[in-house]
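Per-entry structural report
What follows is each chain in one-letter form.
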Amino acid sequence: MAYQDEFFTPEEVDTQIERASQLKEGDRTDAEVIAYLRSFYRTDTRQQQEMLDRAWNRIAHATPSEQYEQENEKEIYMQDRQTQNSSTGRLRPQGPQRPLLQRLGTLAAAVLLVALVGSMAIVFYAARHQNGGTASPHPTPTLTSTPKTAPVPLKVTSVGMSVTPRSIAGIPCGTKVTVTYTALFHVTPKSAGGTVQFSYTVNNGRGQTMASLNFGPGETTRTYTFTWSGALPADHTYPEPGGIEVTSPNQLISPLVAPTGRCS
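As a convention, each chain's residues are numbered from 1 in the sequence order in which they are written. Local features in this predicted model are restricted to residues whose pLDDT is 70 or higher, and side-chain atom pairs enter the listing and the counts only when it is 80 or higher, whereas totals over whole chains, interfaces and linings include all residues. To obtain the side-chain values, all non-hydrogen atoms of the structure were used and water was disregarded.

With respect to the overall build of the chain
Where helices and strands are cited, they refer to DSSP runs of H or I of at least four residues and of E of at least two residues respectively, numbered from the N terminus. Summing up its helical and strand segments, the chain has four helices and seven strands in all. Within the chain, the fraction of its 264 residues that count as buried is 23%. Should any heavy atoms of two residues lie within 4.5 Å, those residues are counted as being in contact. Contacts in the chain between residues at least 24 apart in sequence constitute 69% of all its contacts with a sequence separation of at least 6. For every accessible area listed, the method is Shrake-Rupley and the probe measures 1.4 Å; residues are considered covered only by the protein chains on display. Carbon and sulfur atoms make up 56% of the accessible area of the chain, which totals about 18,400 Å². Relative accessibility under 20% of the residue-type maximum defines a buried residue, over 50% an exposed one, and the middle range a partly exposed one, all with a 1.4 Å probe and only protein chains included.

What follows is the structure in structure tokens.
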């Protein structure tokens, strides 16, 4: 028998076993064949064990999905070996099954990932509904109303006076002129509004005329104008000082103003 062990296939080994079984007992060729087969199977078993050891070393450093795939492959491989040992009493090399197992392992990992994501989505959905509805990614800030302050009562705080023309110097006496007095009323801010009653004078308080102004809510200033008209007398008695006297809602007297200078 020629020693070409490393080139024998499982089918050729079976043929040699069959030939050996047909030889007479005690034949030297029979003994050589039996010794060779034992050596072949021992070498094959040792090589397969070394392959398994290398595979397990890789599994120890593999990711969880790869380890799961290798464990399934090992279990199926060991079951096949046990089945073959029990049925034929011989261990025959099996063809590689890794591509199919890889696909099965990848599919199992994908199914597990989808189930995990789905369960997390269900948990989040239930949590949002327990809190009273779907949470908005940009919650709308709650608008808090600023308490409004109660309006204050209307009160005149001051009255400013101005006059036009500011001077009559150089105007010939006897010339007819019109003097305009302007009163600027100031009231308390944020008031409820109302009516201001007052009187005005154009002759230094000897005569007075009643008048009024209406203020709206929150309004703080208003103006009022009144006039004197006449010829400038040579004795310089006119125009005289004019001003305001507030009588309601409170009492207040403004400054008196008149044009400066004298007619000529």
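A closer look at unusual backbone geometry
With omega at -5°, the peptide bond leading from Tyr 238 into Pro 239 counts as cis. Relative to the elements of secondary structure, Pro 239 occurs in the loop between strand E5 (221–231) and strand E6 (243–248). Of note, the bond from Ser 248 into Pro 249 is cis; its omega dihedral lies within 30 degrees of zero at 10°. Along the polypeptide, Pro 249 turns up in the loop between E6 and strand E7 (252–253). Residues other than glycine seldom take positive phi values, yet Asn 204 does so here, at roughly 65°. With respect to the helices and strands, the residue Asn 204 is situated in the loop between strand E3 (194–201) and strand E4 (209–215). Its relative accessible area of 42% is what places Asn 204 among the partly exposed residues. For His 236, which is not a glycine, the phi torsion comes out positive at approximately 60°. Its location among the elements puts His 236 in the loop between E5 and E6.

Some points on the sheet that holds E3
Ordered in space as E4-E3-E6-E7, the four strands form an open sheet in which the pairing is antiparallel. The sheet is open, and its two borders are formed by E4 and E7, each paired with just one other strand. When DSSP finds two or more bridges between a pair of strands, those strands are recorded as paired.

Regarding the nonpolar core
Buried residues of nine kinds, namely Ala, Val, Leu, Ile, Met, Phe, Trp, Tyr and Cys, make up a nonpolar core once their side-chain atoms join them within 4.5 Å. If you look at the biggest cluster of nonpolar residues, it comprises 27 residues, and the most contacted ones within it are Val 159, Tyr 181, Phe 185, Ile 244 and Val 246. Among the elements of the structure, strand E1 (156–164), strand E2 (176–187), E3, E4, E5 and E6 are those that each provide at least two residues to this core.

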